[in-house]
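# Architecture at a glance
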Amino acid sequence: MNIAINEMIETIRMVQVENLDIRTVTMGINLRDCADRDFEKMNKRVYEKITTYAKDLKDVAEKAEKEFGIPIINKRISITPISEILGQATKEQAVELAKTLDRAAVSLGVDFIGGFSALIHKGVSKGDQTLLDALPEALSVTQRVCASVSVASTRSGINMDAVKQMGNIIKEAAERTKHENGLACAKLVVFCNPVEDNPFMAGAFHGAGEGEVVLNVGVSGPGVVLNALKRYPDSDLGEVADIIKKTAFKITRAGELIGRVVAERLNVPFGIMDLSLAPTNAQNDSVAEILEEIGLERVGTHGTIAALALMNDAVKKGGAMASSYVGGLSGAFIPVSEDNGMIRGIIDNALTLSKLEAMTCVCSVGLDMIALTGDVTPATLSAIIADEAAIGMINKKTTAVRVIPVPGKKEGDMVEFGGLLGRAPVMGVNPYSSEKMIRRAGRIPAPLQSLIN
């Protein structure tokens, strides 16, 4: 991969001034061969396999970071969805396995380990149910374990039995960590159409179509895109799209170079580049501020969805030209707690929960890191998940819900989650009930779009 000297100089500027970083290098590890009827043997094999494959991940990434001068913010691991190897394990054993994963992450010095997961968009196996039963406790007694549950897909429809369960699980997880503002829920994502090679947390898992081990990279640069647009304040929207596309190309080139170097030094295959623009609470590192630079007085006002669609499409086009191995989610994230512009939009009453939901039709994922009032009911949480799953199912895209009911908090309160998770204003929900619909359960059939063979 040949990098010209002018690209190197430009990359240095993007790092030093515009918050360019490699958001994550994520090693995916297959755990299927760890399955065993003897739980103790399985538990031991899981720990040994993860700590063997990833033993040098942190050191190699940190050396590459210093060598190339581009920060690598997170070192992470994704694993086979744990429900697939639980077999006859009990709920208590599933919790114990979560603790083992947490212990492995701590010993390796990685930030998160994702894959305490179940894929139940069409039905629930015994292992799946065991994992679901264990989720609230497992997430409340671990620090670095992340979980995801797939409840819908375009091909299978929406498993409303699973959606109903997830409302209760999220509510219980929040209550178990009420002393931390419901923090366990920040490590839990509910998906429609999840992807198998996502390097971002909390939704990462190592899918069935993946190899034995792989290194996936997530690069992020909202600040770079924002600064590029500021240099062209009078460009028309076609030119704006072109600026974003060319900027995404440069960001992707830098990220793939680092990713390939890390993969080669770890002697594992390079997987994919995820192009997602993932914001942080750093100054000018905001997706919302990009939308405002395009021409919105405040994110959430009329025109927000059109601006987001323009940006998301341009990011994908630029990244696809820069890499032949684009994957993951690849687009723009709109996590409220991690984006100062989104927070400001809510405080100024420009951005509502309904508008955020509408924005998920054209962004990379869905309702992300949104703090809700502590009195929100499980049925309302399930209904929020169902709405988001329907958007993903009909539009043949990934959508997700990561919401945090904050015990004891009311609309307008501000809660702190810390670190990259940031802070968020607590949002209210529609006061009218969806209880009867959620109680019906069953399955919402797959749409006509599923008949593509």
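This write-up is about the structure you can find in this document. (Residues numbered from 1 in each chain as written. Predicted model: local features only at pLDDT ≥ 70, side-chain atom pairs only at ≥ 80, totals over all residues. Heavy atoms only, no water.)

Here helix α8 (residues 222-230) lies mainly inside the structure; 7 of its 9 residues are buried. Along α8, the residues classified as buried are P222, G223, V224, V225, L226, A228 and L229. (Buried < 20%, exposed > 50% of the residue type's maximum accessible area, 1.4 Å probe, protein only. Helix = DSSP H or I, 4+ residues; strand = E, 2+ residues; numbered from the N terminus.)

Let's shift gears to the layout of surface pockets. Take a probe with the size of a water molecule and roll it over the atoms, and the empty space left behind shows itself. Here the largest pocket is characterised by a volume of approximately 630 Å³. The wall of the largest pocket is formed by 41 residues, among which F112, M201, E338, R402 and L421 lie closest to the centre. Of all the elements in the fold, those that place two or more residues in the lining of the largest pocket are β2 (72-79), α6 (126-140), β7 (188-192), β10 (367-373) and β11 (399-406). Taken together, the residues of the lining of the largest pocket break down into 22 nonpolar, 10 polar and 9 charged. Taken as a whole, the second largest pocket holds about 310 Å³ of empty space. Residue assignment for the lining of the second largest pocket shows that the elements contributing at least two residues are α13 (353-359) and α14 (378-395). (1 Å grid on protein atoms, 1.4 Å probe; cavity = no way out; pocket = protein on both sides within 12 Å on 5 of 7 lines; lining within 4 Å. Points joined across faces, edges and corners; volume = space filled by probe spheres on them. Nonpolar A, V, L, I, M, F, W, Y, C, P; charged D, E, K, R; others polar.)

When you line up the elements, T304 lands in helix α11 (residues 304-322). Within the structure, the side chain of T304 is placed 2.9 Å from the backbone nitrogen of G300, a separation counted as a polar contact. (Polar contact = N/O pair within 3.5 Å; in protein donor to acceptor, adjacent residues only side chain to side chain.)

Before going further, it helps to spend a moment on the pattern of salt bridges. Tallied over the full model, the rule gives 22 salt bridges. Across the salt bridge formed by R344 and E289, the nearest N and O atoms sit 3.6 Å from each other. With R344 in helix α12 (residues 340-347) and E289 in helix α10 (residues 287-294), this residue pair connects regions lying 55 residues apart in the sequence. Classification of E289 by relative accessible area gives buried; the value is 14%. As a salt-bridge pair, D413 and K410 come within 3.6 Å of each other at their nearest N and O atoms. Residue class for K410 comes out exposed when judged on its relative accessible area of 56%. Ionic contacts of the salt-bridge type, sharing partners, join the residues E289, E292, R298, R344 and D348 into one network. (Salt bridge = Lys/Arg side-chain N within 4 Å of Asp/Glu carboxyl O.)

Once that is clear, we can look at the packing of aromatic side chains. All chains considered together, the criterion is met by 1 aromatic pair. Here the aromatic rings of F200 and F333 are separated by 5.0 Å at their centres, their planes lie at 75°, and the arrangement is edge-to-face. Residue F200 is located in the loop between β7 and β8 (213-220), and its partner F333 is located in the loop between α11 and α12; the two are separated by 133 residues in the primary sequence. F333 matches F200 in its accessibility class, with the two residues each being buried. In this structure, R103 is placed above the aromatic ring of Y47, and the distance from its NZ or CZ to the ring centre is 4.4 Å. (Phe/Tyr/Trp six-rings, centres within 6.5 Å; stacked < 30°, edge-to-face > 60°. Lys NZ or Arg CZ within 6 Å of the ring centre and 35° of its normal.)

Following M201, the chain continues into A202 via a peptide bond in cis, with omega recorded as 20°. One can find A202 in the loop between β7 and β8. Phi is positive for N193, which is not a glycine, with a value near 55°. By the element assignment, N193 lies in the loop between β7 and β8. Positive phi, normally seen in glycine, also occurs at N349, with a value near 65°. The topology assignment puts N349 in the loop between α12 and α13.

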